[in-house]
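Summary of the model geometry
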Amino acid sequence: MEKTVLIEKLKVIIEPYIQDEDAFKNLTETTDFVKDLKINSANLVDIILDIEDAFDIRLENEDMEQMLNVKAAIEIVQSKQNSK
Amino acid sequence: MKNRVVVTGLGVVAPNGVGITNFSEALKKGTSGIEFYQELKDLNFSCQIGGIPKISEALKKQYFTDLQLRGFNSSGILYGCIAGIDAWKDAGLPTDNFEHYDPETGLIFGTGTSGVEKFREAIYQLDDKQVRRLGSTVVVQTMASGVSAYLSGMLGLGNQVTTNSSACSTGTEAIIMGYERIKAGKAKRMLVGSCSDHGPYVWGGFDAMRVCTYKHNDSPEQGSRPMSNSASGFVPGSGAGALLLEDLESALQRNAIIYAEVLGGDVNSGGQRNGGTLTAPNPEAVQRCIKNAIVNSGIKSHMVDAINGHLTATSKDGLEIENWSRALGRRGKDFPYVSATKSTIGHCLAAAGAIESVAAILQLKEQFLAPNINCEDLHPEILMLVDSEKIPKSFQPQGLDIIAKASFGFGDVNACVLFKRFIA
């Protein structure tokens, strides 16, 4: 999946959890989920589950630990999709 | 007297009325909130009627964010938060305080169990070996203190924040605990109350014990019959009640509306001795609780104008009236007026004490006796102790100065609190 398409899909998933509208509007690859978007860290597991459903992949505990910003999320989703 | 405690805000989510205005109207009219539920019939319940407050999706959104409502399935927390926020706003306290928190205000909000339907969802997923897919919402909705956690976050409370649990005496106990904390000078304000989930997973255990009525599935509004000779068990209910308790000085400084004063109270247990069991009260302990509550309130028993009983519509109502009569040393025409709020809302379990205390305080503030419905045929045991005119069956304006509220719970636990009309 193309990166731009993937980012758009990701944005739809994370929007309900964000607490900083401005940071969300200006979202880039380096945007951090907790530091920039002010997402409650407890909600990160909910985002992971939503990503699993949306992309039909399974994310392991190690993937979750790394998935702290947009760039990492894209990389992990892409690698999972490629290995399917 | 140091640290007098008053009630400056009320909130209620009851089967017959959500919000103080609606509830007060239902109380005056004797409107029943008991309905037949097909789900209970489909599940083969003996008792297919119950009390469930009506909350629209639009109302939910006034109290919860879209994010909070994602995967939300805990009716007790829903009811508790609505009642708690309402009591807070009713007291004229700010709800737009997003930066600061208040170290002088705490919260004691009780429940019997939390989020049973959420827990059920989780158990199904877990047994399907999908524990990793539970998400973040199971713990906060199923922990007993979930309601306190949600409310304190919404309001920014920085004093003690906890949840008490003592079965059907929970709500009354929460009020007494909050009162004691203010009295001890440890907090200026305490938001207190209790909530209870609705539905088959909470009510099923009671249905199995055969303590709920099975005779009114076709006449739900007549089902809850406290003190009646034809009472045949309680009708399960649900909801929440909340009171904002405040140090009198603080209330006067804020120029707050004062509903009533909390004079004092007592909680105890009968130790499951002398007639007391897991499910039945030790009469001596009930009487001791009422007597101590009166002593702690600094009044005499003849000063009690009305009681709001536990009175559930089981075979124990007569024993309860006897306990009141012995504890107060009063009978016949000298017996205080009696309110059995459960006749209109059923037995709201852990929420009962809080909702019924709201009812008692409204009666003090507005000086009326609420009708007790479904007791045209008073039980002869009760009539031997109380003159029937002391059990109002219709609305009546009445000067009331002091109301005693008591609740009793499984585990042989008792709570009694006294409210006094406040005249500035």
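Bear in mind that the values here come from a model prediction, so they are computed numbers and not experimental data.

Observations regarding the overall build of chain A
Secondary structure assignment for chain A yields five helices and zero strands. Start at the N end of chain A and walk to the C end: the helices and strands fall as α-α-α-α-α. Taking 12 Å as the expected radius of gyration for a compact globule of 84 residues, we find that chain A reaches 12 Å, a close match to that expectation. Looking at chain A as a whole, 43% of its 84 residues qualify as buried. In chain A, once contacts between residues fewer than 6 apart in sequence are set aside, the share between residues at least 24 apart is 50%. Charged side chains of chain A number 10 positive and 19 negative; the gap between the two group centres comes to 3 Å.

Quick notes on the pattern of salt bridges
In the structure shown here, the tally under the stated rule is 29 salt bridges over all chains. A salt bridge links arginine 189 of chain B to aspartate 102 of chain B; its shortest N-O distance comes to 3.2 Å. Within this pair, whereas arginine 189 of chain B is found in strand 7 (residues 189-196), its partner aspartate 102 of chain B is found in the loop between helix 5 (75-90) and strand 5 (105-111), the two being separated by 87 residues in sequence. The same class applies to arginine 189 of chain B as to aspartate 102 of chain B, namely buried. Through salt bridges with shared partners, a single network forms among Glu52 and Asp53 of chain A together with Arg132 and Arg133 of chain B.

As for the UniProt feature "domain: Carrier" (unreviewed entry) in chain A
If you check UniProt for "domain: Carrier" (unreviewed entry), the listed places come out as residues 1-81 of chain A in our numbering. Secondary structure content for residues 1-81 of chain A is 58% helix and 0% strand, while the C-alpha to C-alpha distance between its ends is 8 Å.

Thoughts on the UniProt feature "domain: Ketosynthase family 3 (KS3)" (unreviewed entry) in chain B
Residues annotated by UniProt as "domain: Ketosynthase family 3 (KS3)" (unreviewed entry) correspond here to residues 2-421 of chain B. Taken end to end, residues 2-421 of chain B is 35% helix and 19% strand, and its first and last C-alpha atoms sit 18 Å apart.

Regarding the packing of helix 12 (residues 283-296) of chain B against helix 13 (residues 317-328) of chain B
All names here are of chain B. Two elements in contact, helix 12 and helix 13, have axes whose closest approach is 9 Å; the angle formed by their N-to-C orientations is 45 degrees. By the angle class used here, helix 12 and helix 13 are oblique. Helix-helix and strand crossings are classified by hand; for helix 12 and helix 13 the assignment is right-handed. Between helix 12, through Pro283, Val286, Gln287, Ile290, Lys291 and Ile294, and helix 13, the contact on the second element is made entirely by Leu319, Asn323, Trp324, Arg326, Ala327 and Leu328. Taken together, the residues of the contact of helix 12 with helix 13 sort by class into eight nonpolar, two polar and two charged.

Concerning helix 1 (residues 3-14) of chain A
All names here are of chain A. With 12 residues, helix 1 extends 16 Å from end C-alpha to end C-alpha; this agrees with the ideal 16 Å at 1.5 Å per step. Here helix 1 has its buried residues at Leu6, Ile7, Leu10, Ile13 and Ile14. Projection of helix 1 onto a plane perpendicular to its axis shows the buried side chains occupying an angular sector of 115 degrees, all on one side. In helix 1, the exposed residues that point more than 90 degrees away from the buried face are Thr4 and Val12.

With respect to the interface of chain A and chain B
The interface is formed by 13 residues belonging to chain A together with seven residues belonging to chain B. Interface of chain A and chain B: buried area, both sides summed, is about 890 Å²; carbon and sulfur atoms make up 44% of it. At the boundary of chain A with chain B, the tally comes to seven residue pairs in polar contact (both at pLDDT 80 or more). Among the residues forming the side of chain A that touches chain B, the class breakdown is six nonpolar, two polar and five charged.

Quick word on the packing of helix 1 of chain A against helix 3 (residues 44-55) of chain A
A pair of packed helices can be characterised by two numbers: the angle between their axes and the separation between those axes. Residues and elements named next belong to chain A. At their nearest, the axes of helix 1 and helix 3 sit 10 Å apart, and the two run at 135 degrees to each other. With respect to helix 3, the axis of helix 1 lies oblique. Helix 3 is crossed by helix 1, and the crossing has right-handed handedness. Where helix 1 approaches helix 3, its residues Leu6, Lys9, Leu10, Ile13 and Ile14 are matched on the opposing element by Ile47, Asp50, Ile51, Ala54 and Phe55. Classifying every residue of the contact of helix 1 with helix 3 by side-chain character gives eight nonpolar, no polar and two charged.

A closer look at the pairing of strand 14 (residues 402-409) of chain B
All names here are of chain B. Counting buried positions over the eight residues of strand 14 gives eight, a clear majority of the element. The side-chain alternation of strand 14 yields two buried faces, one formed by Ile402, Ala404, Ala406 and Phe408 and the other by Ile403, Lys405, Ser407 and Gly409. Sheet topology note: the strand 10 (residues 306-308)/strand 14 ladder contains three bridges and is parallel. Its bridge partner lying in strand 14, alanine 306 is registered against isoleucine 403. Pairing geometry for strand 14 and strand 15 (residues 413-421), over eight bridges, is antiparallel. Bridge pairing in strand 15 places lysine 405 opposite valine 417. Hairpin remark: strand 14 followed by strand 15, antiparallel, with three residues in the connecting loop; positive phi at glycine 411, about 95 degrees.

Description of the domain arrangement of chain B
Residues and elements named next belong to chain B. Here the domain parsing of chain B yields domain 1 (5-260) and domain 2 (264-421). Between the C-alpha centres of domain 1 and domain 2 the distance comes to 21 Å. A buried area of about 4700 Å², summed over both sides, lies between domain 1 and domain 2, and 71% of it is on carbon and sulfur atoms. Inspection of the domain 1/domain 2 interface yields three salt bridges. Salt-bridge contacts for glutamate 366 lead to lysine 28; the nearest nitrogen and oxygen are separated by 2.4 Å. Taken together, the connections running from domain 1 to domain 2 amount to 18 residue pairs in polar contact (both at pLDDT 80 or more). At the level of secondary structure, the elements contributing two or more residues to the side of domain 1 that touches domain 2 comprise strand 1 (5-14), helix 1 (20-29), helix 9 (170-183), strand 7, helix 10 (200-208) and strand 8 (239-247). The biggest single contributor to the side of domain 1 that touches domain 2 is helix 9, with seven residues. Tallied by class, the residues present in the side of domain 1 that touches domain 2 amount to 34 nonpolar, 30 polar and five charged.

Analysis parameters
Residues numbered from 1 in each chain as written. Chains lettered and ligands numbered in written order. Predicted model: local features only at pLDDT ≥ 70, side-chain atom pairs only at ≥ 80, totals over all residues. Heavy atoms only, no water. Helix = DSSP H or I, 4+ residues; strand = E, 2+ residues; numbered from the N terminus. Rg over C-alpha atoms; globule rule 2.2 N^0.38 Å. Buried < 20%, exposed > 50% of the residue type's maximum accessible area, 1.4 Å probe, protein only. Contact = heavy atoms within 4.5 Å. Lys, Arg positive; Asp, Glu negative; His and termini not counted. Charge placed at Lys NZ, Arg CZ, Asp CG, Glu CD. Salt bridge = Lys/Arg side-chain N within 4 Å of Asp/Glu carboxyl O. UniProt positions renumbered as here; feature names shortened; annotations may be inferred. Axes fitted to C-alpha atoms, helices over the stretch in contact; angles between N-to-C directions. Parallel < 35°, antiparallel > 145°, perpendicular 65-115°, else oblique. Left-handed = near helix turned anticlockwise from the far one by under 90°. Nonpolar A, V, L, I, M, F, W, Y, C, P; charged D, E, K, R; others polar. Expected span 1.5 Å × (residues − 1). Arc of directions from axis to C-beta. Buried area = accessible area lost by both parts, 1.4 Å probe. Polar contact = N/O pair within 3.5 Å; in protein donor to acceptor, adjacent residues only side chain to side chain. Pairing = 2+ DSSP bridges. Domains from an automatic or database assignment.

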